[in-house]
Amino acid sequence: MSESAFEPVIIGFTCNWCSYRAADLAGTSRIKYPPNVRLIRVMCSGRIDPTFVLKALADGADGVMIAGCHPGECHYLEQNYKALRRHRLLQRTLAQFGIEPERVRLTWASAAEGARFAEEVGAMVDEVKKLGPLNWPTRPVPQSEAAAEVAP
Amino acid sequence: MADNTQQERVGVYVCHCGSNIAGVVDVQSVARFAAEDLKGRGVVVARDYTFMCSVTGQELIEQDIREQGLTRVVVAACSPHLHEGTFRGACGRAGLNPYLAEMASIREHVAWVHTDKAVATAKAKAIVNGAVERVLRNEPLEAIRVPIEAGTLVVGGGIAGLQTALEIAEAGYPVHLVEREPSIGGHMAQFDKTFPTLDCAACILTPKMAAAGSHPHIQLHTWSEVEKVEGYVGNYTVTVKKKPRYVLEDVCTGCGICIEKCPVLVVDEAHDAGIGYRKAIYTPFAQAVPNIPVLDPDTCTYYVGGKGGCRACEKFCPTEPNSIVFDQQEERITLRVGNIVLATGWDLFDARRIHQYGYGRLANVFTNLELERMCNAAGPTGGKVVLRDGQTAPARVGIVHCVGSRDRNYNNWCSSICCMQSVKLAHLVKERTGAEVFNFYIDMRTPAKDYDEFYQRVLDEGVHFIRGKVAEVSDVPRGPDEQGPLFVQVEDTLAGLQRRIPVDMVVLSAGLEPRRDSKAVGKTFGIACSTNGWFIEKHAKLDPIATMTEGVFVAGCAQGPKDIPASVAQGAAAAARVLSYIRQGELALEPVRASVNEAQCSGCRLCNGLCPFNAISFIEERRVTEINAALCQGCGTCVAACPAGAISGSGFSNEQLLAQIEGLLLDVARVPEPA
Amino acid sequence: MSKPRFAMYWAAACGGCEIAVLNIDEKVLELDAHFDVAFWPAAMDVKYKDVEAMEDQSILVTLFNGSIRTDENEHLARLLRRKSKLLVAFGSCANEGCIPGLANLSPREQIFERAYTSPSTENPDRIRPQPACQVAEGTLTLPPLQPVVRTLDQVVEVDYHVPGCPPESHQIAAVLDVLIAVVKGEAQLPPKGAVLGAGNSTVCDECPRKRDVKRIDKLARIQELPPLATDVCLLEQGLMCAGPATRSGCNSRCPNVGAPCIGCYGAAPDVLDQGARLMTAIASVVEAQEPEDIDRVLDGLPDPAGTFYRFGLAHSLLRANRAALAEKP
């Protein structure tokens, strides 16, 4: 697939208080950004479980964006630091799976930063486009009894 | 994933929002997708409609729930922050648990940010699919009801906070008013006249201060700061630090003899903006409330000169017991309140930052606040407008607007009050000195009631208005003929020429800035600041009073620059909101909470330190962890951290989120593992 | 002879599961009393062709241990699935890939390179095993290695799961008791897909060590740490312990003797990815705010994937390194 034809799909996790509102604000301000990100709202970036990221990547996403409140500005005081720690450990682990760090981006956007949110999406889409599709193969499922016998 | 979602009946509603959504997203195609492609996922009705939030739109949903037996509802429309409540309400009215509805944001997250119709429509379908998969895993929930404590904490005793406190107290409910300065009154107490009516600031402010000071339902905590806030709406526990005054508040009569006898004179940087003096023991101004002095240990001889010096205040204090207590200590008091109103005000832009305007370098460059103090009859010059020498009246005065405001080098925002304040100061200077006054402005902003009329009046009084941003204030003449002593260099953009206006005095209309510690204060109260540093309201248009934190409201300039009438109005509005909560007696909260499955909990205690609200505790006897639902704020950090998967989060469960992820990836082309 | 038939097979595994079954001691006689052992290569000589000749579903229960690494493993998995009424994934390898599954972090070429030409192997001619080799007597064959290790339930349908590396003997005995009770008509079969022979919580539930609120400011290997307290949570002492995220059932065997749990009983009930759970839990309690400080603590875990997915890699959400997954068979 040529670089220009590849349109990545990115799952974005946003927190209810800052980054989801930043995305809302980008909308109300009519700031355009690439359509490649699909958002999921959680109450706090601290809710984001590495399982969600792995699930998204394993299910065909080319990247995952995690957006929380700026450090020190978490609605729940400091839970975004937990997101930060999990992200750093997850990145180390993903490297061993051959997944580039650019594919799982942690960023901060306050409720006032619609423009920043849009820029971050744009920047991430550009980076993932450069990397190309992730295309994680689907999980093998057991074949039914009638399935072809593998010769020994 | 285990699929026990087969028996659900889902209704999908796609909103056009006029042309807001329909202009970019093919809403019919999205509805058709839901009706046809998602039939196998339980979608039994899918409609598109012009305005889902209209009464008719809501009735569509209600009717379908009743007639088609819907068990789940997805509304693809705007942000849930706008209409989640609306559609939950519609479900509730039709007998469906409101939490079995989900919104898919295809306006803010699709139509308004993308332009390609095909791509936007495809994305909208994926989002709808995600919402359907998620809603299939929603569980019926009941709102959490919390009782509301009748007391209210108001932080900041400026005009906004005073208004809030008085309104609530008048309604008969207790108010704790915390002010960090020795007296309530705020910035308004520093001003002389107020625009556009020119009534005296003190004359209209001090009655409110006195009323607050003596109100049976208002307890003042001046010279105090909020240190810690715990709890949640209806039930906050607030720790207030009372700084030592070194004066016994309940004994002191406010006679003022201590102040009179104090031999130490100090420049008053606070109330007199650095151009007047106070004693080492002082009240900031004559009408201070409470009328109790505060001793400044940084300048008092007793402390500075080593123990035992001076003690004049103590010697002359007529009260029994003596009101002066040199070793008074900081105190901490605990308040229980149901709601909090933050009216913490603003700080003045530091005009020194703009070097070319000369403030702090050229003696006769003043700030607007200094001039306010000078004009004030109770101020350091007794109301005379004079140069820095303290006696010479200026003959020519230049007033520079937008100092630090509307300036990308400093602050982008318009401080909103400085045009009118500058016009007012021009009038006062002219009235007091007869000087020729030049106002240098970028644009004149006089939008409120009677404002432009006042501007016209001052124009008629002969004040010059020059449209242009001042480049420089200088004291260096360009030649032997130039008579200063100061020169204002400006491009007159109306006349289209550079001008150099000689003046005796320059007044810089410094703008309003968020309090220097606004971020820290916001953190204490669990609310956020905008990038500029103003507290963020819940909604910029529809709810400029509440914040994202239930039970915490904002009033006055803490939320953004505004004039006195707007501050008063917002203060009163905050009171109305608080009173409404108090009168309801209890409040329904989002039932987004974490809970522990005891059978799965191993008691590993990994989650125990993760909750900033102390909702997680360990039950030693049963060796399991427990979550207090009343303290839990629903962030879900413990849910995401539990290594055993023993904590679940209602409203945002793993099942819901994992299903949504899968749903969002609907149209992703997949490759099987090579086999 | 109307005793129901029993089979046990050893695919890509170490053999520990077989030993564990023998470790049930005289209980193994009950197995013999109630079952006719139809196929158990480690215990008796039966040829594949004998199994192939059996009627479909003629074996009541097969305990299948080992993961699917080679074509031969896959063939036997499919064969035994067809011949058995109940197929039990027995032990960590069959359930989640276990230690053989760790090979999924590398493509096959790297594995061969490491195994046959690294300095630890005396192989001056760089000889590699071949799928087929001509010798005087004819053609010798070896089953080819598949690109990645798969778990039994990724290849065929599995009826029950018995976790553990190996399953604890007392748990095997308990599972055997259930089977015998079913054979005698005294009990119903558990629901399909059930995990047998394990608890429903995690290892900490059984671990007697005292524990407190966790704040991890260092992680190190056991030899780098000062002598550890014998009665305090190992994780709190800086030793990476997988107990909090590992299914209970072993009576906290390793922590009891001062070794950290390494996670062999797999994920707790309803958990999708054991490694992710362990990862999120550990990261959550790292006592640091700044990225550099966080990294300093995390440096104590030089092989995070190998640590978190020591047993569960092949069954995890990602299953393998990207390069390994992309390989053609």
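What counts as what
Residues numbered from 1 in each chain as written. Chains lettered and ligands numbered in written order. Predicted model: local features only at pLDDT ≥ 70, side-chain atom pairs only at ≥ 80, totals over all residues. Heavy atoms only, no water. Disulfide = S-S within 2.5 Å. Helix = DSSP H or I, 4+ residues; strand = E, 2+ residues; numbered from the N terminus. Buried < 20%, exposed > 50% of the residue type's maximum accessible area, 1.4 Å probe, protein only. Pairing = 2+ DSSP bridges. Axes fitted to C-alpha atoms, helices over the stretch in contact; angles between N-to-C directions. Contact = heavy atoms within 4.5 Å. Polar contact = N/O pair within 3.5 Å; in protein donor to acceptor, adjacent residues only side chain to side chain. Domains from an automatic or database assignment. Buried area = accessible area lost by both parts, 1.4 Å probe. Salt bridge = Lys/Arg side-chain N within 4 Å of Asp/Glu carboxyl O. Patch = residues over 30% accessible without salt bridge, like charges linked within 9 Å, V, L, I, M, F, W, Y side chains within 5 Å. Areas by Shrake-Rupley, 256 points an atom, 1.4 Å probe, with all protein chains shown as cover. Phe/Tyr/Trp six-rings, centres within 6.5 Å; stacked < 30°, edge-to-face > 60°. Lys NZ or Arg CZ within 6 Å of the ring centre and 35° of its normal. Nonpolar A, V, L, I, M, F, W, Y, C, P; charged D, E, K, R; others polar.

Asks: I'm lost on the state of the cysteines in this one. Help?
Replies: Note: disulfide means a covalent bond formed between the sulfur atoms of two cysteine side chains. Per the stated rule, a full pass over the model turns up two disulfides over all chains. Each sulfur in the disulfide pair Cys18(A) and Cys69(A) lies 2.3 Å from the other. An S-S torsion of about 95° defines the bridge between Cys18(A) and Cys69(A) as right-handed. Note that Cys18(A) is positioned in the loop between strand S1 (10-15) and helix H1 (19-28) and Cys69(A) in the loop between strand S3 (63-68) and helix H3 (79-96), a separation of 51 residues in sequence. For the pair Cys18(A) and Cys69(A), a shared accessibility class is recorded, and that class is buried. Paired through a disulfide, Cys200(B) and Cys203(B) show a sulfur-sulfur distance of 2.4 Å. Between Cys200(B) and Cys203(B), the S-S dihedral sits near 90°, and the bridge is therefore right-handed. Cys241(C) forms no disulfide, and the closest cysteine sulfur to it belongs to Cys261(C), at a distance of 5.2 Å.

Asks: Help me understand the sheet that holds strand S2 (residues 36-39) of chain C in this model?
Replies: By definition, the strands of a sheet pair up through backbone hydrogen bonds, in either a parallel or an antiparallel sense. Residue and element names in this part refer to chain C. Read from one edge to the other, the open sheet built from five strands follows the order S2-S1-S3-S5-S9, with strand pairing classed as parallel. The sheet is open, and its two edges are formed by S2 and strand S9 (160-162), each paired on a single side. Put simply, the sheet's adjacent strands are angled 25° from each other on average, direction ignored. Of the strand pairs in this sheet, strand S3 (residues 59-65) and strand S5 (residues 84-90) are connected by five bridges, and their pairing is parallel. When the bridges of S5 are listed, Val61 appears paired with Leu86. Seen against the sheet, helix H4 (residues 71-83) touches strand S1 (5-10), S2, S3 and S5 and runs at an angle of roughly 135° to S5.

Asks: Just checking my understanding: could you explain the side chain of Ser224(B) for this structure?
Replies: Residue and element names in this part refer to chain B. Position of Ser224 relative to the elements: it lies in strand S11 (residues 224-232). Engagement of the side chain of Ser224 in a polar contact is seen with the backbone oxygen of Thr222, the distance being 2.8 Å. In this structure, Ser224 is in contact with Val178, Glu179, Arg180, Val240, Lys241, Lys242 and Lys243, ignoring residues within four places of it in sequence.

Asks: Looking at this structure, I do not really get the domain arrangement of chain B. What am I missing?
Replies: It is common to give the size of an interface as the accessible area that goes away when the parts come together. All names here are of chain B. The assigned domain composition of chain B is domain 1 (10-141), domain 2 (148-243 + 332-341 + 520-532 + 551-589), domain 3 (246-329) and domain 4 (346-513). Once you take the C-alpha centre of each, domain 2 and domain 4 turn out to be 33 Å apart. Domain 2 puts 16 residues into the contact, and the matching count from domain 4 is 24 residues. Buried surface at the junction of domain 2 and domain 4, both sides included, amounts to about 1800 Å², of which 66% is carbon and sulfur. Remark: the boundary between domain 2 and domain 4 carries one salt bridge. Measuring nitrogen to oxygen at the nearest pair gives 3.1 Å for the salt bridge that ties Arg432 to Asp192.

Asks: Before we go on, may I ask you to explain the interface of chain B and chain A in this structure?
Replies: Listed per partner, the contact involves 57 residues of chain B and 55 residues of chain A. Roughly 5000 Å² is buried in total at the junction of chain B and chain A, and carbon and sulfur atoms are behind 61% of that figure. At the junction of chain B and chain A, the tally comes to three salt bridges. The salt bridge involving Arg38(A) is made with Asp667(B); its shortest N-O contact spans 2.8 Å. Across the contact surface, chain B and chain A share 18 residue pairs in polar contact (both at pLDDT 80 or more). For the side of chain B that touches chain A, the secondary structure elements donating two or more residues are helix H3 (80-93), helix H4 (107-111), helix H5 (117-135), helix H14 (518-525), helix H16 (637-641) and helix H17 (654-664) of chain B. Per-element accounting of the side of chain B that touches chain A gives the leading share, seven residues, to H17(B).

Asks: What is the right way to read a nonpolar patch on the surface from this model?
Replies: All names here are of chain B. Taken together, the side chains of Leu265, Val267 and Tyr277 make up a nonpolar region of the molecular surface, amounting to roughly 320 Å² of accessible area. With respect to the secondary-structure elements, Val267 resides in strand S13 (residues 265-268). What makes Val267 partly exposed here is its relative accessible area of 34%.

Asks: What's the story with unusual backbone geometry in this structure? I'm lost.
Replies: Trans is the prevailing form of peptide bonds, just as negative phi is the prevailing case for residues other than glycine. Residue and element names in this part refer to chain B. In this structure, Pro196 follows Phe195 across a cis peptide bond, with omega equal to -5°. Note that Pro196 resides in the loop between strand S8 (193-194) and strand S9 (199-200). Cis rather than trans, the peptide bond between Val289 and Pro290 has omega equal to 0°. Take Pro290: it is sitting in the loop between strand S15 (281-282) and strand S16 (294-295).

Asks: Is there a simple way to explain the pairing of strand S26 (residues 497-503) of chain B in this structure?
Replies: In summary, the side chains of a regular strand alternate between the two faces of the sheet. Residue and element names in this part refer to chain B. Across seven bridges, the pairing between strand S25 (residues 486-492) and S26 is antiparallel. Looking at the pairing, Asp492 lines up with Leu497 of S26. The hairpin formed by S25 and S26 contains four residues between the paired strands, and Gly496 there has a positive phi angle of roughly 75°.

Asks: Sorry if this is basic, but what is going on with the packing of aromatic side chains here?
Replies: Given two aromatic rings, one states the distance between the centres and the angle between the planes to describe the pair. This model, assessed by the stated rule, comprises 22 aromatic pairs over all chains. With centroids separated by 5.4 Å and ring planes inclined at 55°, the aromatic side chains of Tyr246(B) and Tyr303(B) adopt a geometry described as tilted. One end of the pair, Tyr246(B), is in the loop between strand S12 (235-242) and helix H8 (257-261); the other, Tyr303(B), is in helix H9 (residues 301-304), and 57 residues separate them in sequence. Look at Tyr246(B) and you get buried, because its relative accessible area is 11%. With relative accessibility at 26%, the residue Tyr303(B) sits in the partly exposed group. Directly above the ring of Trp112(B) sits Arg30(A), whose terminal nitrogen or CZ lies 3.7 Å from the centroid. Against the face of Tyr282(B) rests Arg278(B), its NZ or CZ located 4.0 Å from the ring centre.

Asks: Is there a simple way to explain the interface of chain C and chain A in this structure?
Replies: On the chain A side, the residues contacting the 46 residues of chain C number 39 residues. Across the interface of chain C and chain A, roughly 4000 Å² is buried in total on both sides, 57% from carbon and sulfur atoms. Of all residues in chain C, Gln289(C), Leu318(C) and Arg322(C) bury the most surface against chain A, accounting for 19% of the area lost on that side. Where chain C touches chain A, the interface holds five salt bridges. Two residues, Arg277(C) and Asp49(A), come together in a salt bridge whose shortest N-O distance is 2.6 Å. At the boundary of chain C with chain A, the tally comes to 21 residue pairs in polar contact (both at pLDDT 80 or more). Elements with a contribution of two residues or more to the side of chain C that touches chain A: H4, helix H10 (274-284), helix H11 (291-298), helix H12 (304-308) and helix H13 (322-325) of chain C. No other element matches H10(C), which puts six residues into the side of chain C that touches chain A. By residue class, the composition of the side of chain C that touches chain A is 23 nonpolar, nine polar and 14 charged.

Asks: I'm lost on the domain arrangement of chain C in this one. Help?
Replies: Residues and elements named next belong to chain C. Annotation of chain C at the domain level lists domain 1 (5-99 + 147-183) and domain 2 (203-298). Spacing between the C-alpha centres of domain 1 and domain 2 amounts to 31 Å. Counting residues at the interface gives ten residues for domain 1 and ten residues for domain 2. Between domain 1 and domain 2, roughly 660 Å² of surface is buried when both sides are summed, and carbon and sulfur atoms account for 45% of that area. Three residues, Glu96, Pro163 and Glu168, lead the burial of domain 1 against domain 2; their summed loss comes to 58% of the area buried on that side. Put simply, domain 1 and domain 2 have one salt bridge between them. Note that Arg253 and Glu168 form a salt bridge whose closest N and O atoms lie 2.6 Å from each other.

Asks: Looking at this structure, I do not really get the pattern of salt bridges. What am I missing?
Replies: It is possible for side chains of opposite charge to pair when their charged atoms get near one another. Scanning the entire structure with this criterion turns up 77 salt bridges over all chains. One salt bridge connects Arg180(B) with Glu225(B), and the closest N-O pair in it is separated by 3.9 Å. Highlighted residues: Arg180(B) in the loop between strand S7 (175-178) and S8 and Glu225(B) in strand S11, separated in sequence by 45 residues. By relative accessible area, which is 30% here, Arg180(B) ends up partly exposed. Residue classification places Glu225(B) among the partly exposed residues on the basis of a relative accessible area of 26%. Lys242(B) is the salt-bridge partner of Glu249(B), the closest N and O atoms lying 3.3 Å from each other. Exposure remark for Glu249(B): the relative accessible area of 31% places this residue in the partly exposed category. Several salt bridges converge on common partners, so that one network encompasses Arg41(A), Glu84(B), Arg88(B) and Glu590(B).

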